[in-house]
Amino acid sequence: MIGSPNGQIPVLVLREGTVREKGKSAQQNNIAAARAIADAIRTTLGPKGMDKMLINATGDVTITNDGATIVKEIEIQHPAAKMIAEVAKTQDEQVGDGTTTAVVLAGEFLKSAEDLIDENVHSTVIASGYRLASNKALEYLQSLGISVSVNDEQTLLDIAKTSMSSKGVGEVKEHLAKIAVKAISRIAEKTDGKYTVDMDNIQVVKKEGGSIEDTMLIDGIILEQEPVNPQMPQEVKDAKIALISSGLEIKKTEVEAKIQITSPQQLQAFLAEEENTLKKMVENIKSAGANVVLCQKGIDDLAQYYLTKEKIYAVRRVKESDLEKVAKATGGNIIAKIDEISDKDLGHAKVVENRKIADGHMTFISGAKNAKAVSILIRGGTEHVVSEVDRSLNDALRVVADVFEDGKITPGGGATAIELAMRLRDFSNTISGREQLAVERFANALEVIPRTLAENAGLDPINTIVDLRKEHKNGKSTYGIDVITGKVEDMKNNRVLEPLRVGMQAISSATDAAIMILRIDDIIASKRVETPPKMKESPGFGEY
Ligand code: ADP
Ligand code: MG
């Protein structure tokens, strides 16, 4: 570029091929992309929401209405749309439910912002108004939280059921809710009067077949393997479990070694030596007092023979992570060298047994010494059913855990959204200038939740909002739209309940994403570097 207007040489900071978009058009572009994601999933919100069928590049099909799953599975290209997908991810990681809510909220905040931009309100003003509104909303929401005790089993069940009401598990909700509440009650730990829940203490095993009702909670651990030999005991009571990270086998040397055997006697001696080593291993285990052995590696035939003779229940090729779970649950130590094992290393459980599940067998370790480890065996007719039960149970477990940790809940069905909107509109009257507009629009945007719930249930969204506003004006702060009865009713009475934390997180992450997108007025995109297709690798030596 020669001869710029003032005769100076222009400074080129952007690489050739870089695409740049500025100002309003950049903003519009970003908002449109982000809203597209929100629009795509809003029809899934609530118990009457529809499902999405997702087909990935390899043709695998997922049918779900789980917001987090949907945004995870669909391939999103646009960077602003990716920020919205991030909202779902954060929501899922932090609280485990409310992903659709968070995304729909973010979309609505952006829609309102777009209107304000068209009315010539600067996006910086919108952003600061939104921040103000969000902080106030969180403050109000916190004060709306209803305290609940972890001993209030009925409420915990209702929380679990509400989270599953939008999932395809219909009639078995009750059964799954019981499992979720029991599981969390078992693993929750109380320190200084506060509960914490470590989800790692719940092992989920999925096994196709049977019906959803066969899904069960096991106080202990499930291993996918059965005993190595059918002659071994199939059930061991008062189990003392040896946990071995190696195997009961003769070590194969890494380097290939040749052993010269020149006479039959020598061969005899060699085999006897091997036999002796294996026999010793079993003797060590036996004398430590174990009646169950779990090995991470293999178990030789001969070792199996001795173990069977000693009536020991032995399992091979147990996953390392499973071995660790068993160690934690049963209070045992994982041992690498079998000759060092002692009774102190053994884990304890009431029963270890081989159970037939569908067309396979599994080892159940129940009545573990430390009951802070439980397993859930998920059953269902097809792979799709099993996956949906898994997603539903995951939400149920997480919401019950949230309530254990915070002890606070709110009514669902859009009740809090309407209440917050009303209070925020009042609050906006105390603000002057254009920020006031932003706070008011933010308030109205919250109403997208009950509006969408009504819409998805085939109810009139405008009448619903009008009715809801009226009730809330009269101090009925727990009134929402119950899409099962189709009426504006008290959600507390109807037992549509959610953890406080779900709503808090949804508002804060949706606001963060909306503000982040609003503040962008310049998109500078480097030219994509096309990676050349990988050359087919030539076959290695020896493959000719
Ligand atoms: P998310 O991914 O946001 O959790 P869901 O599809 O699970 O989305 O829907 C959750 C919403 O459905 C919440 O606002 C919750 O209060 C609402 N909801 C659950 N049960 C009912 C009901 N019976 N009537 C109305 N709304 C309900
Ligand atoms: Mg949900």
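Criteria and cut-off values
Residues numbered from 1 in each chain as written. Chains lettered and ligands numbered in written order. Predicted model: local features only at pLDDT ≥ 70, side-chain atom pairs only at ≥ 80, totals over all residues. Heavy atoms only, no water. Near = heavy atom within 4 Å. Polar contact = N/O pair within 3.5 Å; in protein donor to acceptor, adjacent residues only side chain to side chain. Areas by Shrake-Rupley, 256 points an atom, 1.4 Å probe, with all protein chains shown as cover. Helix = DSSP H or I, 4+ residues; strand = E, 2+ residues; numbered from the N terminus. Domains from an automatic or database assignment. Pairing = 2+ DSSP bridges. Contact = heavy atoms within 4.5 Å. Axes fitted to C-alpha atoms, helices over the stretch in contact; angles between N-to-C directions. Buried < 20%, exposed > 50% of the residue type's maximum accessible area, 1.4 Å probe, protein only. pLDDT = per-residue confidence, 0-100. Salt bridge = Lys/Arg side-chain N within 4 Å of Asp/Glu carboxyl O. Buried area = accessible area lost by both parts, 1.4 Å probe. Nonpolar A, V, L, I, M, F, W, Y, C, P; charged D, E, K, R; others polar. Core = buried A, V, L, I, M, F, W, Y, C linked by side-chain atoms within 4.5 Å. Left-handed = near helix turned anticlockwise from the far one by under 90°. Patch = residues over 30% accessible without salt bridge, like charges linked within 9 Å, V, L, I, M, F, W, Y side chains within 5 Å. Right-handed = clockwise from strand over helix to strand, strands pointing away.

Draft legend 1. Here's a closer look at the site of ligand 1. Near ligand 1 you find 21 residues, and of these Asp-97, Thr-101, Ser-166, Gly-413 and Glu-498 are the closest. Within the backbone of Thr-44, an N or O atom sits 3.4 Å from an oxygen atom of ligand 1. Within the contact set of ligand 1, an oxygen atom lies 3.3 Å away from a side-chain nitrogen or oxygen of Thr-99. Protein coverage of the free-state accessible area of ligand 1, which is 570 Å², stands at 95%. Of all elements in the fold, only helix H4 (99–118) and strand E18 (479–482) reach the threshold of two or more residues within the shell around ligand 1. Looking at which domains feed residues into the shell around ligand 1, each of domain 1 (19–147 + 410–525) and domain 2 (149–218 + 372–406) gives three or more.

Draft legend 2. The sheet that holds strand E4 (residues 146–147), seen in detail. With antiparallel pairing, three strands are arranged side by side in an open sheet as E4-E17-E20. Each of the sheet's edge strands pairs with one partner strand only, and the pair in question is E4 and strand E20 (497–499). Inspection of the sheet shows E4 paired to strand E17 (residues 408–411) by two bridges, in the antiparallel sense. The partner of Ile-146 across the bridge, within E17, is Ile-409. Where helix H6 (residues 153–164) meets the sheet, its contacts fall on E17 and E20, and the angle it forms with E20 comes to roughly 90°. Packed onto the sheet, helix H16 (residues 500–518) meets E17 and E20 and runs at close to 65° relative to E20.

Draft legend 3. View of the pairing of E18. Examined bridge by bridge, E18 and strand E19 (residues 487–490) share four bridges and lie antiparallel to one another. Among the inter-strand pairings, Ile-481 is bridged to a residue of E19, identified as Val-488.

Draft legend 4. Highlighting the sheet that holds strand E7 (residues 202–208). The sheet built from three strands is open, its strands ordered E7-E16-E8 with mixed pairing. Of all the strands in the sheet, just E7 and strand E8 (216–218) have a single pairing partner and so form its edges. Taken pair by pair, the neighbouring strands of this sheet meet at an average axis angle of 20°, ignoring direction. Direction of pairing for E8 relative to strand E16 (residues 374–380): antiparallel, over a ladder of three bridges. Among the inter-strand pairings, Ile-218 is bridged to a residue of E16, identified as Ser-375.

Draft legend 5. Molecular detail of the side chain of Glu-353. Tracing the backbone shows Glu-353 in strand E14 (residues 347–357). Taking relative accessible area as the criterion, Glu-353 reaches 16% and is therefore assigned buried. Here Arg-355 takes part through its side chain, which lies 3.4 Å from a polar atom of the side chain of Glu-353. Here Glu-353 is in contact with Gln-234, Glu-235, Tyr-313, Met-362, Thr-363, Phe-364 and Ser-366, once residues within four sequence places are set aside.

Draft legend 6. Structural detail: the confidence of the model for the protein. Looking at the protein, pLDDT values average 89 and 92% of them are 70 or higher. Scored below 50 in pLDDT, residues 536–544 makes one contact in the model with residues more than four places away or belonging to other chains.

Draft legend 7. View of the pattern of salt bridges. Under the counting rule described, the total for this entry stands at 23 salt bridges. Where Glu-174 meets Lys-161, a salt bridge forms, and the shortest distance between an N and an O atom there is 3.0 Å. Within this pair, whereas Glu-174 is found in helix H7 (residues 173–187), its partner Lys-161 is found in helix H6, the two being separated by 13 residues in sequence. The partly exposed category is assigned to Glu-174, whose relative accessible area is 35%. Note on Lys-161: relative accessible area 19%, which makes it buried. Linking Asp-406 and Arg-501 is a salt bridge whose minimum nitrogen-to-oxygen distance equals 2.7 Å. With Asp-406 in helix H11 (residues 383–406) and Arg-501 in helix H16, this pair connects stretches of sequence that are 95 residues apart. A relative accessible area of 35% means that Asp-406 is categorised as partly exposed. Here the salt bridges do not stand alone but share partners, grouping Asp-158, Lys-161, Glu-174 and Arg-495 into one network.

Draft legend 8. Representation of the domain arrangement of the protein in the model. One can read the domain layout of the protein as domain 1 (19–147 + 410–525), domain 2 (149–218 + 372–406) and domain 3 (220–370). Each of domain 2 and domain 3 has a C-alpha centre, and these two points are 33 Å apart. Opposite the 15 residues of domain 2 that make contact, domain 3 presents 15 residues. Between domain 2 and domain 3 lies a buried interface of about 1200 Å² when both sides are counted; carbon and sulfur atoms form 60% of it. Looking at the side of domain 2 that touches domain 3 residue by residue, the class counts come to six nonpolar, three polar and six charged.

Draft legend 9. A look at the nonpolar core. Counting 68 residues, the largest nonpolar core has Ile-84, Leu-105, Phe-109, Tyr-130, Phe-442 and Ile-507 as its most contacted members. In this structure, Ile-187, Ala-188, Val-197 and Val-389 belong to the second largest nonpolar core, which totals 38 residues.

Draft legend 10. Quick peek at the packing of helix H1 (residues 23–42) against H4. Interaxial distance between H1 and H4 falls to 8 Å at its minimum, and their mutual angle equals 145°. At the point where H1 passes H4, the crossing takes the left-handed sense. For the pair H1 and H4, the contacting residues are Lys-24, Gln-27, Gln-28, Ile-31, Ala-34, Arg-35, Ile-37, Ala-38, Ile-41 and Arg-42 in the first and Thr-100, Val-103, Val-104, Gly-107, Glu-108, Leu-110, Lys-111, Glu-114, Ile-117 and Asp-118 in the second. When its residues are assigned to classes, the contact of H1 with H4 shows nine nonpolar, four polar and seven charged.

Draft legend 11. A nonpolar patch on the surface, seen in detail. Side chains of Met-53, Ile-55, Val-61 and Ile-63 sit close together on the surface and give an oily, nonpolar patch of about 360 Å² of accessible area. Going through the elements one at a time, strand E2 (52–55) and strand E3 (61–64) are the ones with two or more residues in the nonpolar patch. Here Met-53 lies in strand E2.

Draft legend 12. Here's a closer look at the pairing of strand E11 (residues 292–295). Residues Val-292 and Leu-294 line one face of E11 and the alternating positions Val-293 and Cys-295 line the opposite face, and both faces are buried. Judged from the three bridges that link them, E11 and strand E12 (residues 313–315) form a sheet pairing that is parallel. Note that in E12 the partner of Leu-294 across the bridge is Val-315. Tracing the backbone out of E11, into helix H9 (residues 301–309) and back to the parallel element E12 gives a crossover that is right-handed.

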